[in-house]
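Spelled out from the first residue to the last, the chains are:
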Amino acid sequence: MTLRATVAAGTDIGHVREGNEDSFTSMDPLFAVADGMGGHAGGEVASGLALETIERLFTRGEGDLAEQVHEANRIVFERSVLDRSVAGMGTTLTAALLEGDRVRLAHVGDSRAYLIRNEQMSRITNDHSWVNEQIQSGVISAEQARSHPLRNVVTRALGGRSDLVVDVQSRRMKPGDVLLLCSDGLTTMIGDEDIARILGEAQGDVARAATALVAEANQRGGEDNITVVLLRFEE
Ligand code: CA
């Protein structure tokens, strides 16, 4: 069975940041969110360059998704070494590739993927972040993590180590499933329960859901750039 996806995507600078360091890809069947970091210019360059690299390799049919992510890691690192204005930059990446009735996910950093199935929402990526390590060790709660001063510290990102570990998974999707990819500008402003509620209220209308999620994050302060890519699967 081949599933078709209805897609909505959006990115917003928020109310506090001076630039938008998030980037997204919506190039059916390839979708991704990247959240750059590393100074004023660096973040935008890192997230944009990572996604451009993956899009280019995918279009040429070079390598699989994980190999494309490793190549993006190398290219972002190389640029950060050659161009002092973007030294030390990096980016998160959460990418989804549709393959028939399956989704292949590649993930590094603290952007996230959620799956909504039968009105139940579950987080299907693991944050590579300092606060998540503290949650796992029972030091702080998920609620405390969202307002923790070190909540932006990621423990894995593209643009650094050549031995980067990329989390990869492949999932069978069902008609009616919704997949949400988002940057932490959404999830630090809105808890999982409220994200699930807003998605439920949109009743499967992904464009309406995307707009409502960004608006809610802004209404709660918009402290960071907000990016969402939403896919709803149908036969
Ligand atoms: Ca961010």
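In what follows, the structure referred to is the one given above.
The rules we used
Residues numbered from 1 in each chain as written. Predicted model: local features only at pLDDT ≥ 70, side-chain atom pairs only at ≥ 80, totals over all residues. Heavy atoms only, no water. Helix = DSSP H or I, 4+ residues; strand = E, 2+ residues; numbered from the N terminus. Rg over C-alpha atoms; globule rule 2.2 N^0.38 Å. Buried < 20%, exposed > 50% of the residue type's maximum accessible area, 1.4 Å probe, protein only. Contact = heavy atoms within 4.5 Å. Areas by Shrake-Rupley, 256 points an atom, 1.4 Å probe, with all protein chains shown as cover. Lys, Arg positive; Asp, Glu negative; His and termini not counted. Charge placed at Lys NZ, Arg CZ, Asp CG, Glu CD. Pairing = 2+ DSSP bridges. Salt bridge = Lys/Arg side-chain N within 4 Å of Asp/Glu carboxyl O. Patch = residues over 30% accessible without salt bridge, like charges linked within 9 Å, V, L, I, M, F, W, Y side chains within 5 Å. Axes fitted to C-alpha atoms, helices over the stretch in contact; angles between N-to-C directions. Donors = N, O, S within 2.8 Å, 3.2 Å for Na, K, Ca; no water. Parallel < 35°, antiparallel > 145°, perpendicular 65-115°, else oblique. Left-handed = near helix turned anticlockwise from the far one by under 90°. Nonpolar A, V, L, I, M, F, W, Y, C, P; charged D, E, K, R; others polar. Expected span 1.5 Å × (residues − 1). Polar contact = N/O pair within 3.5 Å; in protein donor to acceptor, adjacent residues only side chain to side chain.

A. Here's a closer look at the overall build of the protein. From N to C terminus, the protein includes seven helices and eleven strands. At 17 Å, the protein has a C-alpha radius of gyration in line with the 18 Å of a compact globule built from 235 residues. Principal axes of the C-alpha set define a box for the protein whose edges measure 50 × 40 × 35 Å. Counting all 235 residues of the protein, 49% fall into the buried class. Intrachain contacts of the protein at a sequence separation of at least 6 include 69% that bridge at least 24 residues. Summing over all exposed atoms, the protein offers an accessible surface of approximately 10800 Å²; the carbon and sulfur share of this is 47%. Here the protein contributes 23 positively and 36 negatively charged side chains, and the mean placements of these two sets differ by 3 Å.

B. Just the pairing of strand β10 (residues 178-182), in detail. A large share of β10 lies buried, amounting to five of its five residues. With burial as the criterion, each face of β10 is covered, one bearing Val 178, Leu 180 and Cys 182 and the other bearing Leu 179 and Leu 181. Pairing of strand β7 (residues 112-117) with β10 involves five bridges; the strand directions are antiparallel. Note that in β10 the partner of Arg 112 across the bridge is Cys 182.

C. Focus on the pattern of salt bridges. Scanning the entire structure with this criterion turns up 20 salt bridges. One connected set of salt bridges, linked through shared partners, spans Asp 194, Arg 197, Glu 201, Glu 216 and Arg 220.

D. Spatial organisation of a nonpolar patch on the surface. Together, Phe 77, Val 81 and Leu 82 make up a nonpolar patch on the protein surface, roughly 330 Å² of accessible area in all. With respect to the helices and strands, the residue Val 81 is situated in helix α2 (residues 65-82).

E. Seen up close, the sheet that holds strand β8 (residues 120-123). Across the sheet, five strands lie side by side as β1-β11-β10-β7-β8; this open sheet has antiparallel pairing. Unpaired on one side and paired on the other, β1 (4-12) and β8 mark the two borders of the sheet. Sheet twist, expressed as the mean angle between neighbouring strand axes with direction ignored, is 15°. Sheet analysis places β10 next to strand β11 (residues 226-234), joined by five bridges and oriented antiparallel.

F. Region of the structure containing the coordination of the calcium ion. Every protein donor of the calcium ion is accounted for by Asp 35 (OD), Asp 35 (OD), Asp 184 (OD) and Asp 224 (OD), and the metal-donor separations fall at 2.3 to 3.1 Å. Motif for the calcium ion, donor spacing along one chain: D-x148-D-x39-D. Residue Asp 35 is found in strand β3 (residues 30-37), and its partner Asp 224 is found in the loop between α7 (206-219) and β11; the two are separated by 189 residues along the sequence. Comparing Asp 35 with Asp 224 shows no difference in burial state: the two are buried.

G. Expanded view of the packing of helix α1 (residues 39-60) against α2. With their axes 9 Å apart at the nearest point, α1 and α2 run at an angle of 140° to one another. In terms of orientation, α1 lies oblique with respect to α2. Judged by the twist between their axes, the crossing of α1 over α2 is right-handed. Contacts between α1 and α2 involve Val 45, Ala 46, Leu 49, Ala 50, Thr 53, Ile 54, Arg 56, Leu 57 and Phe 58 on the former and, on the latter, Leu 65, Gln 68, Val 69, Glu 71, Ala 72, Ile 75, Val 76 and Arg 79. A class-by-class count of the residues in the contact of α1 with α2 yields twelve nonpolar, two polar and three charged.

H. Geometry of the packing of helix α6 (residues 192-201) against α7. At a minimum axis distance of 9 Å, the contact between α6 and α7 shows a crossing angle of 145°. As for how α6 packs across α7, the hand of that crossing is right-handed. Residues Ile 195, Ile 198, Leu 199 and Glu 201 of α6 form the contact with α7, whose own contacting residues are Arg 208, Ala 209, Ala 212, Leu 213 and Glu 216. Here the contact of α6 with α7 is built from residues that sort into six nonpolar, no polar and three charged.

I. Structural view of α2. End to end, α2 covers 26 Å across 18 residues, agreeing with the expected 26 Å (1.5 Å per residue, within 8%). Taken together, the buried positions of α2 are Leu 65, Gln 68, Val 69, Ala 72, Asn 73, Ile 75, Val 76 and Ser 80. Buried residues along α2 sit against β3, α1, β5 (93-99) and β6 (102-108). Here α2 starts with a cap whose side-chain oxygen sits 3.2 Å from the backbone nitrogen of Ala 66, and that cap is Asp 64.

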